[in-house]
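Structural characterization, general
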Amino acid sequence: MKKLVFVVSPYSTTITSLKVEETEKKKSSRAAPLSFPLGVLNLSSTVKKTLNDYNDDNVELIDFNYLHDGPFHEKVVEDAFKNTIGEKNNGKDYVFAITLMFSCSWEPFNLVINFIRNNYPDSTIIVGGVHATFAYKYILANTPANYVIRGEGEISFPELIKNLDNKENIQKIEGVYDNKKALNAPPKVSPILAYKDVPAPDYKILKGKDQYFDYKSHVSVNVEGENKKIKWAQIVTSRGCPFDCPYCVATRFSGKSVRYKPGPQMASEMRYLYEKHNVTGFVPEDDFFIGPKQRLEELLEVFKSTNIPDMKITLRNGVNVNTLNDAKIDILEAMGCNSVTLAIESGSAHTQKNIIKKNVDLEKAPKILEAFREKNIEVKTFIMVGLPKETDEMREETIKYAASLNMDWSNVYLFYPIIGTTFYEEMHAAGEITNGPETWENLSPFSRDFDHMGKSGLNWQDILMDADIRINYAGNGNIRKGNYKRAYTYFNIIRKHSSENIFTRICALLCTDKLNMTDESKIITKEIDKLVKNDKVYNYYLKFENALFKNSIFNKYKLSNNTPAFQINSIDTHQKRELVRDI
C-alpha cells in the first residue's frame, strides 16, 4: 500500500531564482483569492471511501497556492516536500497526484513534476485537471508523468490507485492514459460518478490551514466592515453547464447536463463547515448556479435548514444575465446573497450573436443590475476585450457599454485561449498559437506575449489598461450616480492593495473631496505628490491620462498641468514614456 500525496500546481505565479528572492523584496504574486482545491477534496474523500487502505494517516495535501504568496522557485518546492514527507527517499512507496488546472500553471507545474521525479525517482506520478485533460498526449510524451486522468476522476482515480501493480488492468480503465495508450487509443474521458454518490469533500485534508477560510475577493464588499470578519468556504451545488461558450471549457470537461447535489448532502457539508470552522459565508463555484426557479427555491430551503446565523452568499463565478428575473433575485436576496458577478463579456450585439454566441440580452442587463442595486447587493461584471474577430469598433462598443452600467466594479480581462475550447482550436488551426508551452506559458487574463489580430502583446496590454480605466475609473457607476461614499470604499481597497496605483488615488481623492473628508484628502494628496515624483509611475500615468479624463469630473485633478498641489520636480518624468507592466 502506497502513500498518496495530492499536489496542486500554483494557478498563477512568478518563477524566479532563489538569489533574486533573497536580495529583493517581492510583492505577492497571488492573483486571486485563495480557494479550496475542491476537486482534490472530492477525490481524497472518494479514495478513502473506496479503498480501505487509505485514511487520514496516509493521504496528504501539498497546495502551492496555499504554501506560497510570492515568487516561486525550487526552494519553495523543496521546503514543501520536506515538511510533508520528511527525509528524502526513492519514492517507491509514494503516489503523487498533481493537479494541473490552467495553462498559465504550466511553468510552475514543470518545476514541481521534475522536482518530484528527480528527488523521488521510483514514485508514481499521476496528473489530472482541466489542462491535463486536453494536453494529455503532450504531458505523457514530454514530462515524467506516468499517467494522466482525463475528465472527472471519482471513478477512474481510485481504480488506478487500486491497480498500480497490475499494468494490464490499468490499460482497461476508461479515461486513464499512459504514453503508449495515448498514442494508440481514442481520447475518452473518465466515466462520471452520479453526483449523489460523490462523498462529501475531505475537509480534514486541509489540516488546520485556516487561511483557506479567509477568502477575500480583491475588489469586493467582502473585505470591508463586518464582512471582513466572516469565514468563507467555496462550495459546489451542481456540475455541468448547458451553455457551450467558445471561450469556456466547462461544458467539454463536465458535460452539458446539469447534475445537482442532493439537498441533505449539501446541508450536511455546510453545517460541518460552520461547526468545525465557523464558516458563515459561502461561495458557490458552480458553472451554472442560477438554474430553474424551482431549483433555486429548493436551494433556499436547503440553506435555511442549516440554521447557520447571518449566512452570506457570494456569486463570483459569472452568472448569465439571461437566467435572471425579479423572482430569482428575490430568492437570492433571501439566501443572503451580498455580491453577484454578471458574465456579460461583451457590449457589442454583433459579438454576442456571432462571435461568443452567448446572446446576453444587452437591454435586460442594466435592469438586472438595477434590481440588485436596489437590494443593496454588490454587482460586478466580467468584461473581455481582444476576442477573436472582434474589430476595434466592436471593442469600443463594449467599453462604452460597460462604462454606462450602474455597477460597483468590473473585472476587465484580456481574452486568452483556454486549451479544449472552440476558440483555442480555431486559433491553433489558423496558426495563431502553438499547441504547447510556447503558448501556455504566455497566457493570462491580463497579458499576452504573442501577436494577435495585427497587434503585439504590449499593444494588447495597453488596450486592456485603457479599457479598465475607462470602465472602472472614468466611467465608475457610483461616481456617476453621486454615490461617493460607496465609490470610495472600492478605490480605498485598491489603494491599500496597490502602493503605486495613482489612478485609484485620484478617484479616491475626488470622493473624499466630495464627502468633505478633509484629513483623508490631505493624506491622499501627499501620496499622489510622492507618486508623481516616481518616473515609472508618472510615465504610466501619462500613458493613460486621457482615458481617465474622458469624464470631465476629474479635470481639476489633471496632473500633467503641474498644478500647485501636484508640482513635478523632475523634467525627466515628462520625457520617459516606457511601458510599465507591474502597477
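Residues numbered from 1 in each chain as written. Predicted model: local features only at pLDDT ≥ 70, side-chain atom pairs only at ≥ 80, totals over all residues. Heavy atoms only, no water.

Right, let's get into the overall build of the chain. The secondary structure content of the chain amounts to 26 helices and 14 strands. Since a compact globule built from 583 residues should have a radius of gyration of about 25 Å, the 25 Å found for the chain is in line with a globular shape. In terms of overall dimensions, the chain has C-alpha extents of about 75 × 55 × 45 Å along its principal axes. Within the span of the chain, comprising 583 residues, buried residues form 57% of the whole. (Helix = DSSP H or I, 4+ residues; strand = E, 2+ residues; numbered from the N terminus. Rg over C-alpha atoms; globule rule 2.2 N^0.38 Å. Buried < 20%, exposed > 50% of the residue type's maximum accessible area, 1.4 Å probe, protein only.)

In this section: helix 17 (residues 392–403). With 12 residues, helix 17 extends 16 Å from end C-alpha to end C-alpha; this agrees with the ideal 16 Å at 1.5 Å per step. Buried residues of helix 17: Met-394, Arg-395, Thr-398, Ile-399, Tyr-401, Ala-402 and Ala-403, and no others. (Expected span 1.5 Å × (residues − 1).)

Spatially, the six strands line up as an open sheet ordered 7-10-11-12-13-14, and their pairing is parallel. The sheet is open, and its two borders are formed by strand 7 (231–235) and strand 14 (409–414), each paired with just one other strand. The average undirected angle you get between the axes of adjacent strands in this sheet is 20 degrees. Here five bridges tie strand 7 to strand 10 (residues 279–284), and the two strands are oriented parallel to one another. Following the sheet pairing, Gln-234 is matched in strand 10 by Val-283. Of the strands in this sheet, strand 12 (337–345) and strand 13 (378–385) are in contact with helix 16 (residues 364–374), which crosses strand 12 at around 170 degrees. Sheet strands touched by helix 17: strand 12 and strand 13. Its angle to strand 13, the strand with the most contacts, is close to 170 degrees. (Pairing = 2+ DSSP bridges. Axes fitted to C-alpha atoms, helices over the stretch in contact; angles between N-to-C directions. Contact = heavy atoms within 4.5 Å.)

This next bit is on the packing of aromatic side chains. Within this structure, the stated rule accounts for 30 aromatic pairs. On the numbers, 5.8 Å between centres and 40 degrees between planes, the contact of Phe-6 with Phe-157 is tilted. With Phe-6 in strand 1 (residues 3–8) and Phe-157 in helix 8 (residues 156–162), this pair connects stretches of sequence that are 151 residues apart. Aromatic side chains Tyr-473 and Phe-491 sit 5.6 Å apart centroid to centroid with 40 degrees between the ring planes, which places their arrangement in the tilted category. Linking Tyr-473 in helix 20 (residues 457–474) with Phe-491 in helix 22 (residues 484–497), this pair joins segments that are 18 residues apart in sequence. Each member of the pair, Tyr-473 as well as Phe-491, carries the same accessibility label: buried. In this structure, Arg-448 is placed above the aromatic ring of Trp-460, and the distance from its NZ or CZ to the ring centre is 5.0 Å. (Phe/Tyr/Trp six-rings, centres within 6.5 Å; stacked < 30°, edge-to-face > 60°. Lys NZ or Arg CZ within 6 Å of the ring centre and 35° of its normal.)

The predicted coordinates should not be examined in detail at positions where pLDDT is low. Summing up the model confidence of the chain, the mean pLDDT is 90 and the portion of residues at 70 or higher is 92%. Overall, residues 23–30 carries pLDDT values under 50, and its contacts beyond four positions in sequence, including any with other chains, amount to 21 contacts. (pLDDT = per-residue confidence, 0-100.)

Any two side chains of opposite charge can pair, given that their charged atoms come close. In the structure shown here, the tally under the stated rule is 31 salt bridges. We note a salt bridge from Arg-486 to Asp-408, for which the minimum N-O separation is 2.5 Å. Separated by 78 residues along the polypeptide, Arg-486 in helix 22 and Asp-408 in the loop between helix 17 and strand 14 bring together distant segments of the chain. The buried category is assigned to Asp-408, whose relative accessible area is 1%. Among the salt bridges present, the one from Arg-505 reaches Glu-527, with a minimum N-O distance of 3.0 Å. (Salt bridge = Lys/Arg side-chain N within 4 Å of Asp/Glu carboxyl O.)

To continue, consider the sheet that holds strand 5 (residues 147–149). Taken in spatial order, the six strands line up as 2-1-3-4-5-6 in an open sheet, and their pairing is mixed. What marks the edges here is a single partner per strand, and that holds for strand 2 (59–63) and strand 6 (176–177). Packing against the sheet, helix 2 (residues 38–50) makes contact with strand 1, strand 2 and strand 3 (94–99), and its axis sits at approximately 170 degrees to strand 1. Docked against the sheet, helix 5 (residues 106–119) engages strand 1, strand 3 and strand 4 (124–128), running at close to 160 degrees with respect to strand 4.

A separate point is the side chain of Thr-381. Residue position: Thr-381 is located in strand 13. Judged by its relative accessible area of 0%, Thr-381 is buried. A polar atom in the side chain of Thr-381 sits 2.8 Å from the side chain of Ser-410. When residues no more than four places from it in sequence are discounted, the contact partners of Thr-381 are Thr-341, Leu-342, Ile-344, Met-407, Trp-409, Ser-410 and Asn-411. (Polar contact = N/O pair within 3.5 Å; in protein donor to acceptor, adjacent residues only side chain to side chain.)

Here the focus is unusual backbone geometry. Most peptide bonds adopt trans geometry, and most residues besides glycine take a negative phi value. Its identity as a non-glycine residue notwithstanding, Lys-357 has a phi of 55 degrees, on the positive side. Checked against the element boundaries, Lys-357 lands in the loop between helix 15 (349–355) and helix 16. Exposure remark for Lys-357: the relative accessible area of 58% places this residue in the exposed category.

Take the packing of helix 12 (residues 263–277) against helix 13 (residues 293–305) next. At a minimum axis separation of 9 Å, helix 12 and helix 13 run at an interaxial angle of 40 degrees. Classed by the angle they form, the pair helix 12 and helix 13 counts as oblique. As helix 12 runs across helix 13, the sense of the crossing is right-handed. Within the contact between the two elements, helix 12 uses Gly-263, Met-266, Ala-267 and Met-270 and helix 13 uses Val-302, Phe-303 and Ser-305. (Parallel < 35°, antiparallel > 145°, perpendicular 65-115°, else oblique. Left-handed = near helix turned anticlockwise from the far one by under 90°.)

Let's shift gears to the packing of helix 17 against helix 20. Contact pair helix 17 / helix 20: the axes reach a minimum separation of 8 Å and the direction vectors enclose 25 degrees. The orientation of helix 17 relative to helix 20 falls into the category roughly parallel. Here Arg-395, Glu-396, Ile-399, Lys-400, Ala-402 and Ala-403 of helix 17 come into contact with helix 20, specifically with Trp-460, Ile-463, Ala-467, Arg-470 and Ile-471. In the contact of helix 17 with helix 20, the residues fall into seven nonpolar, no polar and four charged. (Nonpolar A, V, L, I, M, F, W, Y, C, P; charged D, E, K, R; others polar.)

Glancing now at the environment of Tyr-538. Within the secondary structure, Tyr-538 sits in helix 25 (residues 535–548). Spatially, the C-alpha atom of Tyr-538 lies 8.4 Å from that of Ile-502, the residues being 36 residues apart in sequence.

Taking 1.5 Å of rise per residue, the 13 residues of helix 23 (residues 502–514) would be expected to cover 18 Å, and the 19 Å separating its terminal C-alpha atoms lies within 8% of that figure. Burial analysis of helix 23 places 11 of its 13 residues in the buried class, which makes it a mostly covered element. Buried-residue contacts for helix 23 involve helix 20, helix 21 (477–480), helix 22, helix 24 (518–531) and helix 25. With its phi angle positive at about 60 degrees, Asn-516 sits one or two positions after the end of helix 23.

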